[in-house]
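So you can see what is in the structure, the chains are spelled out below.
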Amino acid sequence: MRQLFITIAFLLSGLTHSVAQQSLNNSWQVGLGLGELPIGGSLKPSITLGYHFNEHLYVGVIYQTADKIKRDKSSFNVKASELSQLTQAKEDVAQRLLVQCRYTPVRYAPYISLGFVYNGSDVETMNFAPANRIINGNTYNGDLQITQTRKAGSGLAIGIGYQYNFNNGLSINAEWTPAWFTPIPTPEYSFSGTTILSSQDKQFIKDKMTDGFKSSVTNRYKVFHIGVAYHF
């Protein structure tokens, strides 16, 4: 399915050879996109649907399907834990939804995106090989699995994007619209494996990972989107 999605997207984008724009007045728009850059095994395929009242005002939705991402050494959460001997880190990324209004002040300018965003619950599972570890001054031996969950949430969102419309009805688009007024949530954690941590040392790891999690703006509820569309 991913290969078919990529093929369709690139075929559509390949048709955008004309550089002149046509009017967007009273036109519908449908499209395909990605919610993640196509690296590291993730895509988050998306569909878009909306209506252009004129060249300045657009109302529509972006829906991104659930996906799985293999994070491994690129995992920000693993780095925040400061634990060694990682064997695997993978994330189940839930669906995303943005109901939005876009305002483009002048032709060729970026647009402002205003709307309501919803993100489902994201879960990252991190596996660490058996090893001697010192955690909060205490020594442990064994393997360890940590599961970090960001609960589902929503909020009013404001962002920025850019869409270029071609003469043949096709367009290319990218945007980032976070829920700035909703705080970054505090993740939930579970621990398993042969390493039996004390409650204090579990909390020590939780605090480190939570501080790292909340320090990254990318952990806000949001929609990031890149894609192609057709207006008619």
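Residues numbered from 1 in each chain as written. Predicted model: local features only at pLDDT ≥ 70, side-chain atom pairs only at ≥ 80, totals over all residues. Heavy atoms only, no water.

Colleague: Please explain the pairing of strand S7 (residues 111-119) as it appears in this structure.
Modeller: Side chains on a regular strand alternate between the two faces of the sheet. Inspection of the sheet shows strand S6 (residues 96-103) paired to S7 by 8 bridges, in the antiparallel sense. Along S7, the bridge assignment pairs arginine 96 with asparagine 119. Here 9 bridges tie S7 to strand S10 (residues 153-165), and the two strands are oriented antiparallel to one another. The residue of S10 that forms the bridge with serine 113 is glycine 159. (Pairing = 2+ DSSP bridges. Helix = DSSP H or I, 4+ residues; strand = E, 2+ residues; numbered from the N terminus.)

Colleague: Looking at this structure, I do not really get the sheet that holds strand S12 (residues 188-192). What am I missing?
Modeller: Sheet strands line up and pair through hydrogen bonds in the backbone, either parallel or antiparallel. Read from one edge of the open sheet, 5 strands run S4-S5-S8-S9-S12, paired in antiparallel fashion. Looking at which strands have only one partner, the edges of the open sheet turn out to be strand S4 (67-70) and S12. Taking each pair of neighbouring strands and ignoring which way they run, the sheet shows an average axis angle of 20°. With 4 bridges joining them, S4 and strand S5 (residues 86-93) adopt antiparallel strand pairing. Counterpart to lysine 70 in the pairing with S5 is lysine 90. Contacts between helix H3 (residues 199-214) and the sheet are confined to strand S8 (122-135), strand S9 (138-150) and S12, with S9 contributing the most and set at about 45° to the helix. (Axes fitted to C-alpha atoms, helices over the stretch in contact; angles between N-to-C directions. Contact = heavy atoms within 4.5 Å.)

Colleague: Sorry if this is basic, but what is going on with the sheet that holds S6 here?
Modeller: Read around the closed barrel, the 8 strands follow the order S1-S2-S3-S6-S7-S10-S11-S13; overall the barrel is antiparallel. The sheet shows a mean angle of 25° between the axes of neighbouring strands, taken without regard to direction. In this structure, strand S1 (residues 27-34) lies alongside strand S2 (residues 45-52), joined through 8 bridges in antiparallel fashion. Directly across from leucine 32, in S2, lies its bridge partner isoleucine 47.

Colleague: Would you explain the packing of aromatic side chains in this entry?
Modeller: The geometry of an aromatic ring pair is captured by the separation of the ring centres together with the interplanar angle, meaning the angle of the planes. For the coordinates displayed, the defined rule picks out 6 aromatic pairs. Both rings, one in tyrosine 51 and one in phenylalanine 53, keep their centres 5.0 Å apart while their planes meet at 80°; by these two values the pair is edge-to-face. We classify phenylalanine 53 as partly exposed; its relative accessible area is 41%. Centroid distance tyrosine 108 to tyrosine 164: 6.2 Å. Interplanar angle 25°. Geometry classified as stacked. On the criterion of sequence distance, the pair formed by tyrosine 108 in the loop between S6 and S7 and tyrosine 164 in strand S10 is long-range, its members being 56 residues apart. Overall, the relative accessible area of 16% leaves tyrosine 164 in the buried class. Here the aromatic residues Trp28, Tyr51 and Phe53 are joined through ring pairs into a cluster of three or more. (Phe/Tyr/Trp six-rings, centres within 6.5 Å; stacked < 30°, edge-to-face > 60°. Buried < 20%, exposed > 50% of the residue type's maximum accessible area, 1.4 Å probe, protein only.)

Colleague: Even after reading the chapter, I still don't get the environment of glycine 50, so can you show me in this structure?
Modeller: Examined against the element boundaries, glycine 50 turns out to sit in strand S2. A sequence separation of 51 residues divides glycine 50 from cysteine 101, and the C-alpha atoms of the two residues are 9.3 Å apart. Apart from the residues lying within four places of it in its own chain, the contact partners of glycine 50 are Ser27, Trp28, Gln29, Tyr58, Val59 and Gly60.

Colleague: Please explain the pattern of salt bridges as it appears in this structure.
Modeller: Close approach of charged atoms allows side chains of opposite charge to pair. Using the criterion set out here, one finds 8 salt bridges in the structure. For the salt bridge of lysine 70 with aspartate 72, the shortest nitrogen-to-oxygen distance reads 3.8 Å. When the shortest N-O distance is used, the salt bridge between arginine 96 and aspartate 122 registers 2.8 Å. With arginine 96 in strand S6 and aspartate 122 in strand S8, this pair connects stretches of sequence that are 26 residues apart. Among the charged side chains, a salt-bridge network with shared partners connects Arg96, Asp122 and Arg150. (Salt bridge = Lys/Arg side-chain N within 4 Å of Asp/Glu carboxyl O.)

Colleague: What am I meant to see in H3 here?
Modeller: Residue pairs three or four apart in sequence face the same way in an α-helix, which turns once every 3.6 residues. The first and last C-alpha atoms of H3 sit 22 Å apart over 16 residues, in line with the 22 Å expected at 1.5 Å per residue. Along H3, the residues classified as buried are Asp201, Ile205, Met209, Thr210, Gly212 and Phe213. Among the structural elements, helix H2 (76-81), S8, S9 and S12 are those in contact with the buried residues of H3. (Expected span 1.5 Å × (residues − 1).)

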